[in-house]
Amino acid sequence: MSCKSPLVWFCNIPIGRFSPIFPLKTTKARVIQNEACKYIGVKPDLYDPIEEDVKAGLECIAYQITDLTLRMAQNASLPLSELRADGGPTANKYLMQFQSNIAQVTVSVSDVAELSGFGAACAAGFSCGLYDPETIFANTHRSCFTPEMDNTEREARYNGWQKAVRQALTH
């Protein structure tokens, strides 16, 4: 699955215990946040609208992937046992953990971010004898994210997502 969301590519804001993809290079985002907080009457350290927007965008990716993978598992009459992920969004550990939580499955992330390109290069190298498959595969690794969210919270969040999608489709 491919995700080309600018939100993921340019995410500068740390979320909870997770680090940002890229360090924040300017204070402009914090200035905007402080002004927004003054406008709505809350202390900036208690409310972070930028972080909330980023979280919502990232969570939408996980919800959509969960919708798709659950439908595929249902159509194939097979349980979903693991999601394997690669590409730019895998750099966001918050997204990978949330994906695991919502799909209730282990998310396995390759240490090679662009696995499709790596696979094409390996296939070419294997075919001409340049690379040894055993050596290549022995040196590729994965990080795993396992579900941590309790089932009650997960069901409430996922049901809220499904309700919002139904409402959007009927209006």
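Structure shown above.
Residues numbered from 1 in each chain as written. Predicted model: local features only at pLDDT ≥ 70, side-chain atom pairs only at ≥ 80, totals over all residues. Heavy atoms only, no water.

Novice: Looking at this structure, I do not really get the overall build of the protein chain. What am I missing?
Specialist: The helix and strand tally for the protein chain stands at seven helices and three strands. Starting at the N terminus and walking to the C terminus, you meet the elements of the protein chain as α-α-α-β-α-β-α-α-β-α. Considering the protein chain as a whole, with its 171 residues, one finds that 33% of them fall into the buried category. Contacts spanning at least 24 positions in sequence make up 67% of the contacts within the protein chain whose residues lie at least 6 apart. Of the roughly 11100 Å² of accessible surface on the protein chain, 57% is carried by carbon and sulfur atoms. (Helix = DSSP H or I, 4+ residues; strand = E, 2+ residues; numbered from the N terminus. Buried < 20%, exposed > 50% of the residue type's maximum accessible area, 1.4 Å probe, protein only. Contact = heavy atoms within 4.5 Å. Areas by Shrake-Rupley, 256 points an atom, 1.4 Å probe, with all protein chains shown as cover.)

Novice: I would appreciate a short explanation of the pattern of salt bridges in the present structure.
Specialist: Between side chains of opposite charge, a pair can form when the charged atoms approach closely. A full pass over the atoms with the stated rule returns three salt bridges. A salt bridge links Glu59 to Arg157; the nearest nitrogen and oxygen atoms lie 3.6 Å apart. With Glu59 in helix 3 (residues 49-76) and Arg157 in helix 7 (residues 151-170), this residue pair connects regions lying 98 residues apart in the sequence. On the accessibility criterion, Arg157 (29% relative accessible area) is partly exposed. Note that Arg84 and Glu82 form a salt bridge whose closest N and O atoms lie 3.0 Å from each other. Three or more residues joined by partner-sharing salt bridges are found here, namely Glu59, Glu153 and Arg157. (Salt bridge = Lys/Arg side-chain N within 4 Å of Asp/Glu carboxyl O.)

Novice: Explanation requested: unusual backbone geometry in the structure shown.
Specialist: Excluding glycine, a negative phi dihedral is what most residues carry, and trans is how most peptide bonds are arranged. Even without a glycine there, the phi angle at Ser77 is positive, about 55°. One non-glycine residue with positive phi stands out, namely Gln104, at about 55°. By the element assignment, Gln104 lies in the loop between helix 4 (93-103) and strand 2 (106-110). Accessibility expressed as a relative area gives 43% for Gln104, which makes it partly exposed.

Novice: Looking at this structure, I do not really get helix 5 (residues 115-127). What am I missing?
Specialist: Because an α-helix packs 3.6 residues into every turn, residues spaced three or four apart end up facing the same way. Here helix 5 is 13 residues long and its end C-alpha atoms lie 18 Å apart, about the 18 Å a rise of 1.5 Å per residue gives. Looking at the residues trailing helix 5, positive phi occurs at Gly129, about 80°. (Expected span 1.5 Å × (residues − 1).)

Novice: What is the right way to read the side chain of Thr69 from this model?
Specialist: Mapping Thr69 onto the fold places it in helix 3. In this structure the side chain of Thr69 is engaged in a polar contact, spanning 3.3 Å, whose partner is the backbone oxygen of Thr66. (Polar contact = N/O pair within 3.5 Å; in protein donor to acceptor, adjacent residues only side chain to side chain.)

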